[in-house]
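Structural overview for review
Chain by chain, the residues:
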Amino acid sequence: MTGARGSVAWVAAALALLVVLPFALTSYQLGLLTKILIFALFAMSLNLILGYAGLPSLGHAAYFGIGGYTVGLLSVKVLDNFWLDFGAGIAAATAAAALFGLLALRTRGAYLLMITLALSQVVWGIAFGWRELTGGDDGLPNVPRPGAGLPMSFADGFSFYYLTLAITLLGTLALWLVVRSPFGAALVGIRESERRMQVLGYNTWRYKYVAVVISGMLAGVAGNLFRVLQRVREPGVSLGPAVGLGADHGDPRRGRDHARTGDRRRADRDPRECDQRPDRAVAHGARADLRRRHAVRASRPPGAAPPVASGMRALEVEQLSHSFGGLRALDDVRLEVEAGERLVILGPNGAGKTTFFNLLTGIYLPSAGRIRLFDRDVTRLAPYARAQLGLGRTFQITTLFPHLTVLESVLLALQGRDAARFSLLRPRGAFGHLYERADELLAQWELAERAATRTRELSYGDQRKVELLLALAAGPRVLLLDEPTAGLSPAETTLVAAMIQRFPREVTLLLIEHDMDVALSLAERVTVFHNGRIIAGGTPAEVKRDPRVAEIYLGVEED
Amino acid sequence: MTFWAIQTLNGLSFGMLLFLLAAGLSLIYGVMRILNLAHGSFYVLGTYVALSVVRATDSFALAMVAGTLAVILLGVLMERVLLRFLPPEELPQALLTFGVLLIVGDLCLWYWGGTPETLPKPAVFEHSVRMGSLVFPSYRLFLLAVGVLVAVLLWALQERTRLGAMVRAAIDDPAIARSTGINVSLLSSGVFAFGAALAAIGGIIGGPVLGVYPGADFEILLLAFVVVIVGGLGSLKGAFFGALLVGLLDNFGKALFPSLAYFTIFAPMAIILAVRPTGLFGSR
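Everything numeric in this text was worked out from a predicted model, so none of it was measured.

Thoughts on the overall build of chain A
Check the secondary structure of chain A and you find 22 helices and ten strands. Burial analysis of chain A (559 residues in total) assigns 56% to the buried set. Taking contacts inside chain A between residues at least 6 apart in sequence as the whole, the part at least 24 apart equals 74%. Only carbon and sulfur atoms are counted for the fraction: they give 59% of the accessible area of chain A, which is about 22,900 Å².

Examining the packing of aromatic side chains
The full count for this structure, using the stated rule, is 23 aromatic pairs over all chains. The interplanar angle of 80° and the centroid separation of 5.3 Å between the aromatic rings of Phe19 of chain B and Phe240 of chain B together place this pair among those described as edge-to-face. Of this pair, Phe19 of chain B sits in helix α1 (residues 2–32) while Phe240 of chain B sits in helix α10 (residues 236–256), and the two are 221 residues apart along the sequence. Residue Phe19 of chain B is classed as buried on the basis of its relative accessible area, which comes to 1%. Under the relative-accessibility criterion, Phe240 of chain B is labelled buried at 18%. Put simply, the rings of Phe23, Phe158, Tyr161 and Tyr162 of chain A pair up and form one aromatic cluster. If you follow Arg426 of chain A out to its NZ or CZ, it ends over the ring of Phe431 of chain A, 4.7 Å from the centre.

Examining the pairing of strand β3 (residues 342–346) of chain A
Residue and element names in this part refer to chain A. Within β3, five of the five residues are buried, which leaves the element mostly enclosed by the surrounding structure. In β3, alternate side chains face the same way, and those of Arg342, Val344 and Leu346 on one face and Leu343 and Ile345 on the other are all buried. Pairing geometry for β3 and strand β8 (residues 508–512), over four bridges, is parallel. The partner of Arg342 across the bridge, within β8, is Leu509. The pairing of β3 with strand β9 (residues 525–530) spans four bridges and is parallel. If you follow Leu346 over to β9, its bridge partner there is Val528.

A short note on empty space enclosed by the protein
Residue and element names in this part refer to chain A. For the structure shown, the criterion picks out seven cavities of 30 Å³ or more. Within this model, the largest cavity holds a volume of roughly 140 Å³. Ser57, Tyr63, Ala104, Thr116 and Val212 are, among the 14 residues lining the largest cavity, the residues nearest its centre. Those elements giving two or more residues to the lining of the largest cavity turn out to be α4 (82–104) and α5 (109–129).

Focus: a nonpolar patch on the surface
Residue and element names in this part refer to chain A. Taken together, Leu17, Val19, Val20, Phe23 and Phe158 make up a surface patch of nonpolar side chains, about 480 Å² in accessible area. Per-element tally for the nonpolar patch: the top contributor is helix α1 (residues 2–20), with three residues. Tracing the backbone through its elements, the reader meets Phe158 in helix α7 (residues 157–180). Note on Phe158: relative accessible area 32%, which makes it partly exposed.

Some details on the side chain of Ser13 of chain B
Residues and elements named next belong to chain B. As for its position among the elements, Ser13 is in helix α1. Judged by its relative accessible area of 0%, Ser13 is buried. The residues contacting Ser13, other than those within four sequence positions of it, are Arg140, Leu143 and Leu144.

Focus: the nonpolar core
Formed by 211 residues in total, the largest nonpolar core has its most connected members in Val410 and Phe503 of chain A together with Phe19 of chain B. Per-element tally for this core: the top contributor is α1 of chain B, with 15 residues. Residue assignment places this core across two domains, with domain 1 (27–254) and domain 2 (313–558) of chain A each supplying three or more. The contacts of Val410 of chain A, once residues within four sequence positions are left out, are Ala438, Leu441, Leu442, Leu469, Leu470 and Ala473 of chain A. By size, the runner-up hydrophobic cluster in this structure holds 26 residues, among which are Ala314, Val478, Leu480 and Phe529 of chain A.

Description of the interface of chain A and chain B
Contacts between the two partners involve 24 residues from chain A and, on the opposite side, 25 residues from chain B. At the boundary of chain A with chain B, total buried surface from both sides reaches about 2,400 Å², with 84% on carbon and sulfur atoms. Contact with chain B buries surface across chain A, with Arg106, Tyr111 and Met114 of chain A losing the most and accounting together for 27% of the total. Applying the counting rule to chain A against chain B returns zero salt bridges. Going through the elements one at a time, α5 and α11 (241–268) of chain A are the ones with two or more residues in the side of chain A that touches chain B. Element by element, the count of residues in the side of chain A that touches chain B is highest for α5 of chain A, at 13 residues. Class assignment of the residues belonging to the side of chain A that touches chain B gives a composition of 17 nonpolar, five polar and two charged.

Section: the packing of helix α5 (residues 138–160) of chain B against helix α6 (residues 162–172) of chain B
All names here are of chain B. Between α5 and α6, the least distance of the axes is 5 Å, while the angle of their chain directions is 75°. Considered as vectors, α5 and α6 are oriented roughly perpendicular to each other. The residues of α6 that touch α5, namely those facing Leu157, Gln158, Glu159 and Arg160, are Arg162, Gly164, Ala165, Val167, Arg168 and Ile171. Its residues placed into classes, the contact of α5 with α6 shows four nonpolar, two polar and four charged.

Points about the pattern of salt bridges
Residue and element names in this part refer to chain A. Tallied over the entire structure, the rule returns 21 salt bridges over all chains. Asp332 is the partner of Arg334 in a salt bridge, and the nearest nitrogen-oxygen pair spans 3.3 Å. Salt-bridge contacts for Arg437 lead to Glu440; the nearest nitrogen and oxygen are separated by 2.9 Å. Pair noted here: Arg437 and Glu440 are both in helix α17 (residues 432–444), with a separation of three residues, about one helical turn.

Re the sheet that holds strand β1 (residues 313–324) of chain A
Within a beta sheet, neighbouring strands are joined by backbone hydrogen bonds and run either parallel or antiparallel to one another. Residue and element names in this part refer to chain A. Pairing in this open sheet of four strands is antiparallel, and the strands run β2-β1-β4-β5 from one edge to the other. Two strands in the sheet have a free side with no partner beyond their single neighbour: β2 (327–338) and β5 (376–377). Pairing analysis gives two bridges linking strand β4 (residues 368–373) to β5, with the strands arranged antiparallel. When the sheet's bridge partners are listed, Leu373 is paired in β5 with Arg376. Each of β1, β2 and β4 is contacted by helix α14 (residues 353–361), which is oriented at about 115° to β1, the strand it contacts most.

With respect to the pairing of strand β10 (residues 533–538) of chain A
All names here are of chain A. The pairing of β9 with β10 spans five bridges and is classified as antiparallel. Pairing of Val526 across the sheet is with Gly538, part of β10. Joining the antiparallel neighbours β9 and β10 is a turn of two residues, in which Asn531 adopts a positive phi near 50°.

Quick look at the sheet that holds strand β6 (residues 391–393) of chain A
Residues and elements named next belong to chain A. Taken in spatial order, the six strands line up as β6-β7-β8-β3-β9-β10 in an open sheet, and their pairing is mixed. The sheet terminates laterally at β6 and β10, the two strands that pair on one side only. Neighbour-to-neighbour, the strand axes of the sheet open up by a mean angle of 20°, direction not taken into account.

Calculation notes
Residues numbered from 1 in each chain as written. Chains lettered and ligands numbered in written order. Predicted model: local features only at pLDDT ≥ 70, side-chain atom pairs only at ≥ 80, totals over all residues. Heavy atoms only, no water. Helix = DSSP H or I, 4+ residues; strand = E, 2+ residues; numbered from the N terminus. Buried < 20%, exposed > 50% of the residue type's maximum accessible area, 1.4 Å probe, protein only. Contact = heavy atoms within 4.5 Å. Areas by Shrake-Rupley, 256 points an atom, 1.4 Å probe, with all protein chains shown as cover. Phe/Tyr/Trp six-rings, centres within 6.5 Å; stacked < 30°, edge-to-face > 60°. Lys NZ or Arg CZ within 6 Å of the ring centre and 35° of its normal. Pairing = 2+ DSSP bridges. 1 Å grid on protein atoms, 1.4 Å probe; cavity = no way out; pocket = protein on both sides within 12 Å on 5 of 7 lines; lining within 4 Å. Points joined across faces, edges and corners; volume = space filled by probe spheres on them. Patch = residues over 30% accessible without salt bridge, like charges linked within 9 Å, V, L, I, M, F, W, Y side chains within 5 Å. Salt bridge = Lys/Arg side-chain N within 4 Å of Asp/Glu carboxyl O. Core = buried A, V, L, I, M, F, W, Y, C linked by side-chain atoms within 4.5 Å. Domains from an automatic or database assignment. Buried area = accessible area lost by both parts, 1.4 Å probe. Nonpolar A, V, L, I, M, F, W, Y, C, P; charged D, E, K, R; others polar. Axes fitted to C-alpha atoms, helices over the stretch in contact; angles between N-to-C directions. Parallel < 35°, antiparallel > 145°, perpendicular 65-115°, else oblique.

Here it is in C-alpha cells:
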C-alpha cells in the first residue's frame, strides 16, 4: 500500500514541477520542454503496441506525420479552426492506423518489421514527392498556432505549452487506463503466448488491431501538436523512421518493466479488497450470471456424478484426415465422445495423437472430415471461437506466460470467457468476481502459495499443475489434455493424476497419456492410435487384452 | 515500341540489381534469422570505395574487387562482433542493424560528401547494341547478364553442391544441422559475408547507372524489402521473380506516372500481402 501511495506522491510532484517549470525557463527551453512532452506522448503510444502487445513496428512515425500534415494542410489551405483541424488530424491518423493495421497484422516477426517500415515510407514518399500539396522538402509554411474556435488563443509559446501539457496528460491517462484494463492484460498475454491466448478463447487478432488503432490515434495527436510547435511541417523531421526508432530504443524495456511492476503491485494486493469497490456499469447481468455459474461449479464436490444427461454427444469426429505435405498424419479417424466421458488416447510416438488435438482445437484445419462439438459443426472455426464454445486444452510442451505470475495467468484464463474481456477503460481490479474465483481455484488446487510467483520460476511439476489449472479456469465443457504427466517424476505424476481425477465430473476429458498406470486409472474408455488410424478401442480391460495393442504398444515379446 | 523495349530492358536490369540485394538479404535471414537493415549500407559503402579506387587507379575491375572486399570485411566484423551476441529476437536485431545503417550512412556523408556521384562506365560498354531497329545500351545488357549468371550460380551452389546442402540444412533447422557436424557458426559468418558481397557487387555494377548519394542506402533497402515481401523471405526463387517484378514496376511507374511512382510498387505489394502474407514463394 505504501508503494502505491509513494507513486501517487511522485506523480503529484512531477505534475507540480511540469506546471511551475515554464516560469523559470527561457523561450527556447520552453519550446524544448514542449517538444519533450510531445515526444513522450508519441513514445507512450508506441509503447502500447511494442511493449505491451509485443508487436515490433518500425513505421509508427507515419501516424505522427499523417496527423501533422492533415492539421497543417487544413489550417493553411482550408479553414483555421482548432476543433475541425485537430479532429480531422486525429481522424486521419486513426484511419491510417486502421488501414495499415489490416495489412501489417497479417504478418509477424521480420515481415511485420519490413511491412511497417515500407508503409511509413509510402507516407514519407507522398509527403516528399507531392510538392504541389505538401511543399515537398521545403515543408508547409505558416501553420497557425491554435486559437480559432477556442475560448483563448494558444498563439504564444507559454500558453501552447499548457495546451500541450493538458493534452499529453489526457493521452497518458487514457493509455494508463487501457493498460490496466482487462484489455491491457490480454495484450500482455498475447505478447507472452499468443497461441495460448487463442485456446483460452481470445480473438487475439482483434486485440492487436484495436491496440494498433489506439496507438496510431495517439501518435496522430502527438503529430498534431508537433506541427504547430514547429510551425513548418517538413518531411524527415517527423517522418523519418529515425524518430520512430529513437522512441523504440529505450522504450520497450521500460514499458515491459512498467507492466511488470504494475502487475506485481496488483498481484500483491489482497484480491478481496477489489470486490469492496462499488461495481458500476458494464455487464452487471452477465457478471451475476457468471458468478452463479462459478459458484455452482465450485460447490460441487469433486468426483460427484455428472449432472449432464448422459447420452448427449460432446464430440463427434467423422472421417477426419490430415496430411503434412506427402505424409498422411491422420487417416479417416472416426470418434464419438459422450458428455462427461473420460477417454484416454494411447499410441506410440508419431501415431497422430497431438495432430488430432491440433485439429480438434483448430490449430490445423483438416484435409477432410468433420468435427462436431455438442452437435455444432466446428470444423472450420478459429481456435478462439471453439474455446468460446467450451473446448479447452493443455499443451504437451509447457508454454505458460513466462513473465506473468500464477495469479495473473489464472486471471487471464478466467477473463477469456468473461464479459470483462473486452473492457477497455475499467481497471481489471474492478472485476472482483475474477479475483474471487482465481483465489478459490488457487486454494482448491493448492497453488495459493505460488500465486505471486512468475510461472517461469516455478518447478516443472508446478508448471504442469498451472497448465492444467489454466485450462480448467477457462471453464471448458470438453478438455483435451496432451500428456499432462510428461517429464514428471513418479511422485509428481501421482499428484497430477490425482488432480485430474478430481476434475469436475461434467467436464468431458480426452487425455493423451504414455504412462500406462495413469492412463488406465483415469480412463473409462481407451482409444488406440497407430500410424494415423484408430486401431482399437474399448474399456481399459478390453484394450489390455487386444493382441494388436500388445504388439504395437507393449512390444511383441510380451506374449 | 522503342519506348517499351527500352523501358523493359531498364526495368529488368534494375530488377537484376535488386535481385543481388534481395538474394543476400534473404539468404542471411534464412540461415541466421536476422533481418539485416544494414544491407543498404553494404550497397552504398561498396560503391563509394569503388569510386575512390576508380579515381585513383582508373581500373573498374580493381575498384570492384576493393569495394567488395571492404564490404566483406565490414560484414564479417558486424557478424562476429555485434550480431552474434544478440538475443534471437527481431527487435534488438532490427535496432542494431538499423543503427549500423545510420552510422555507415553518416560516415559516408562525412568522407565522400553529399553530392551525388556516378561511377564511370568501363570503356568496353561505351557503345550500344543494335537489334533490328532497336538500339540498346550495352551496359544494361551487361547488368542483365550478370544478374542471370549470379542467379544460376546461386541456384547451382544451393541445390547441387555439398556447401549448398549444408546451407539448406542450416536454414531448415540450425540445431539439427549443428548436431550432424556442420559448423553452423562458421557457415553463418560465411553466409553473412557472402550476402554482403552480393550487395556490394550490386552497388558497384549499378554505380554507373544509378549512381550513389546520401540516402541511397535506405532507398535500395526499401526496394529490397518489397522484393522479399513479394517473393517470400528465405526463398531464392522468390527473390529472383520478386526482383524482376519490382524492377519493372518501379521503372514503368517512374516513366509513366512520375508523381505516383511509390504507389506502383507498394500497391501490388499490399495486394500480395493481403492474399499471401508470406509472399509468392515463402514457406511460412
